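So you can see what is in the structure, the chains are spelled out below.
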Amino acid sequence: MLAIIYKRFFKLLFDVIIGLLAFIILLPVFLLVIILLLIFNDGNVFFFQTRPGLNGKIFKIIKFKTMNDRCDNSGELLPDAERLTVLGKFIRKTSMDEIPQLLNVIKGDMSLVGPRPLLIEYLPLYNNIQKKRHEVRPGITGWAQVNGRNAISWEKKFEYDVWYVTNISFLFDIKILFLTIKKIFKPEGVNSATSATMEKFTG
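No experiment lies behind these values; they were computed from the predicted model shown.

About the criteria used
Residue positions are counted from 1 within each chain, in the order its sequence is given. Local features in this predicted model are restricted to residues whose pLDDT is 70 or higher, and side-chain atom pairs enter the listing and the counts only when it is 80 or higher, whereas totals over whole chains, interfaces and linings include all residues. Derived side-chain values reflect all non-hydrogen atoms in the structure, with water molecules and hydrogen atoms excluded from consideration. Strands are runs of DSSP state E lasting at least 2 residues, helices are runs of H or I lasting at least 4, and numbering of each runs from the N terminus. Note on method: radius of gyration uses C-alpha positions; expected globular size equals 2.2 Å times residues raised to 0.38. With a 1.4 Å probe rolled over the protein chains alone, any residue whose accessible area is under 20% of its type maximum counts as buried; one over 50% counts as exposed, and the rest are partly exposed. The contact definition used throughout considers only heavy atoms, calling two residues in contact when any of these lie within 4.5 Å. Reported accessibility uses the Shrake-Rupley method at a 1.4 Å probe radius. Residues are deemed covered only where the shown protein chains occlude them. Only four residue types enter the tally: Lys and Arg on the positive side, Asp and Glu on the negative side; His and the chain ends are excluded. Every charge is mapped onto a representative atom, which is NZ of Lys, CZ of Arg, CG of Asp or CD of Glu. One less than the number of residues in a helix, times 1.5 Å, gives the span that helix is expected to have. Across the chain, bend at a residue is computed as the angle between axes fitted to the seven residues ending at that point and the seven starting from it. Patches here are clusters of residues that have more than 30% relative accessible area and form no salt bridge, with a 9 Å joining cutoff for like charges and a 5 Å cutoff for nonpolar side chains (Val, Leu, Ile, Met, Phe, Trp, Tyr). Here, a salt bridge means any Lys or Arg side-chain nitrogen found within 4 Å of an Asp or Glu carboxyl oxygen. Two strands are said to pair when DSSP picks up at least two bridges between them. As used here, the term nonpolar core means buried Ala, Val, Leu, Ile, Met, Phe, Trp, Tyr and Cys residues forming a set that is joined through side-chain atoms within 4.5 Å. A cavity here means a set of 1 Å grid points, computed over protein atoms only, where a 1.4 Å probe fits but cannot escape. A pocket is an open set with protein on both sides within 12 Å along at least 5 of 7 lines, and lining residues have an atom within 4 Å of a point. Grid points are joined across faces, edges and corners, and a volume is the space filled by probe spheres set on the points. Each residue gets one of three labels, nonpolar for Ala, Val, Leu, Ile, Met, Phe, Trp, Tyr, Cys and Pro, charged for Asp, Glu, Lys and Arg, and polar for the others, Gly among them. Pairs were defined over the aromatic rings of Phe, Tyr and Trp, the Trp ring being its six-membered one, requiring ring centres within 6.5 Å. Orientation was assigned from the angle between planes: stacked under 30 degrees, edge-to-face over 60, tilted for the rest. Axis lines are fitted through C-alpha atoms, for helices just across the contact stretch, and the angle between N-to-C directions can take any value from 0 to 180 degrees. For classification purposes, angles smaller than 35 degrees are called roughly parallel, those larger than 145 roughly antiparallel, those between 65 and 115 roughly perpendicular, and all remaining angles oblique.

*Asks:* Would you mind going over the overall build of the protein chain in detail, with residue names and values included?
*Replies:* The secondary structure content of the protein chain amounts to 6 helices and 4 strands. For the protein chain, the sequential pattern of α-helices and β-strands runs α-β-β-α-α-α-β-β-α-α. Radius of gyration (C-alpha) of the protein chain: 17 Å, near the 17 Å computed for a compact globule of 203 residues. Counting only C-alpha atoms, the protein chain reaches 55 × 40 × 30 Å along its principal axes. For the protein chain, with 203 residues in total, the buried portion stands at 45%. Pairs at least 24 apart in sequence give 68% of the contacts found in the protein chain among residues at least 6 apart. Entry remark: accessible area of the protein chain is about 11,300 Å², with carbon and sulfur atoms responsible for 65%. Each charge class in the protein chain was averaged separately, 27 positive and 18 negative side chains, and the resulting centres sit 6 Å apart.

*Asks:* If you had to explain helix 1 (residues 2-40) to someone new, which residues and values would you point to?
*Replies:* Over its 39 residues, helix 1 extends only 48 Å from the first C-alpha to the last, a length that falls short of the 57 Å expected when each residue adds 1.5 Å. Helix geometry: helix 1 is bent most strongly at Leu26, by close to 60°, with proline Pro28 lying one to four residues after it. Listing the buried residues of helix 1 in full gives Tyr6, Lys11, Phe14, Asp15, Gly19, Phe23, Phe30, Val33, Ile34 and Leu37. Asp42 sits one or two residues past helix 1 and shows a positive phi near 55°.

*Asks:* Lay out a nonpolar patch on the surface in plain terms, naming residues and giving numbers.
*Replies:* Taken together, the side chains of Met1, Leu2, Ile5, Phe9, Phe10, Leu13, Ile17, Ile18, Leu21, Ile25 and Leu26 make up a nonpolar region of the molecular surface, amounting to roughly 1,200 Å² of accessible area. Among the structural elements, Leu21 can be located in helix 1.

*Asks:* Lay out the environment of Lys183 in plain terms, naming residues and giving numbers.
*Replies:* Locating Lys183 in the fold gives a position in helix 6 (residues 170-185). Placed 89 residues apart in sequence, Lys183 and Thr94 show a C-alpha to C-alpha distance of 8.8 Å.

*Asks:* I'd like to hear about the environment of Ile58, residue by residue, with values.
*Replies:* In this fold, Ile58 is placed in strand 2 (residues 58-64). For the pair Ile58 and Asn167, spaced 109 residues apart in sequence, the C-alpha to C-alpha distance is 25 Å. Apart from the residues lying within four places of it in its own chain, the contact partners of Ile58 are Thr50, Arg51, Pro52 and Ile120.

*Asks:* Report on the pairing of strand 1 (residues 46-52), specifying residues and quantitative values.
*Replies:* Note that strand 1 and strand 2 share 7 bridges and pair antiparallel. From the neighbouring strand, Phe47 faces strand 2, where its bridge partner is Lys63. Counting the residues in the hairpin turn of strand 1 and strand 2 gives 5 residues, including Asn55, whose phi is positive at 60°.

*Asks:* Describe the nonpolar core, listing the residues and the values that go with them.
*Replies:* Within the largest apolar cluster, 32 residues are counted, with the highest numbers of intra-cluster contacts made by Leu37, Phe64, Leu112, Trp143, Tyr164 and Ile176. Those elements that provide at least two residues to this core are helix 1, strand 2, helix 3 (86-93), helix 4 (101-107), strand 3 (111-113), helix 5 (154-166) and helix 6. Counting residues per element, this core draws most heavily on helix 1, at 7 residues. When neighbours within four sequence positions are excluded, Trp143 is seen to be in contact with Tyr160, Trp163, Tyr164, Phe172, Lys175, Ile176 and Leu179. Within the second largest apolar cluster, 7 residues are counted, among which are Leu118, Leu119, Tyr122 and Trp154.

*Asks:* Run through empty space enclosed by the protein, naming residues and quoting values.
*Replies:* Across all of its chains, the model carries 1 cavity of 30 Å³ or more by this definition. Roughly 40 Å³ of volume is contained in the largest cavity. What lines the largest cavity is simply Pro52, Gly53, Pro115, Arg116, Pro117, Arg133, His134, Val136 and Pro138. Residues that form the lining of the largest cavity fall into these classes: 5 nonpolar, 2 polar and 2 charged.

*Asks:* Describe in detail the packing of aromatic side chains, supporting the description with residues and values.
*Replies:* Taken as a whole and assessed by the stated rule, the structure comprises 19 aromatic pairs. For the pair Phe23 and Phe30, a centre-to-centre distance of 5.2 Å together with 65° between the ring planes defines the contact as edge-to-face. Neither Phe23 nor Phe30 differs from the other in exposure class; each is buried. With a centroid separation of 5.7 Å and an interplanar angle of 80°, the aromatic rings of Tyr122 and Phe201 are classed as edge-to-face. Note that Tyr122 is positioned in the loop between strand 3 and strand 4 (139-141) and Phe201 in the segment after helix 6, a separation of 79 residues in sequence. Accessibility classification places Tyr122 together with Phe201 in one group, the buried group.

*Asks:* So what about the packing of helix 1 against helix 6? Which residues, and what values?
*Replies:* In the contact formed by helix 1 and helix 6, the axes pass within 11 Å of each other and the chain directions differ by 40°. It follows that helix 1 is oblique to helix 6 by the angle criterion. Contact residues: helix 1 offers Tyr6, Lys11 and Phe14, while helix 6 offers Phe170, Asp173, Ile174 and Leu177. Of the residues that constitute the contact of helix 1 with helix 6, the class distribution is 5 nonpolar, no polar and 2 charged.

Take a look at the structure:
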């Protein structure tokens, strides 16, 4: 019963309050990264993309831009590994690229903890169990992120996501937040074994 009350009423309030405090505390880092990206990323600082949120509702996610927009001769974007900048690798490794998503949390589009918001093109590929990941707001961090991040398979990632949705609680969220802080100082699973980021989900 307490878990249901937290999930339906208090989680959003907790997210907005802690998200706002975290953004204020991290504001100097936020501004420093903006300056560095303005210098080394040809002025491209933020990355915006539409993603599915709670109940599949579409919203626009904001992150720091860690890749350039270099294209091949046919105008297609080069592979992620070739577009990921040196500064971008460092920002991703330290998870600083996620800081702007605190603005998504403050707006109510995202939660501090929850399944990561994935691409819209994946929506028709989920099975009925995997679709449960959209029963809560997507998170900046989540149970899958502290258990392997991009180094685990899609199947395992969705298994963690659904397990979180069915076992959500205040103490579980606190546990994930503390594990996330630990991961920031000891980064693991930033990349998959075969890709600079994560291979596409194909169902």
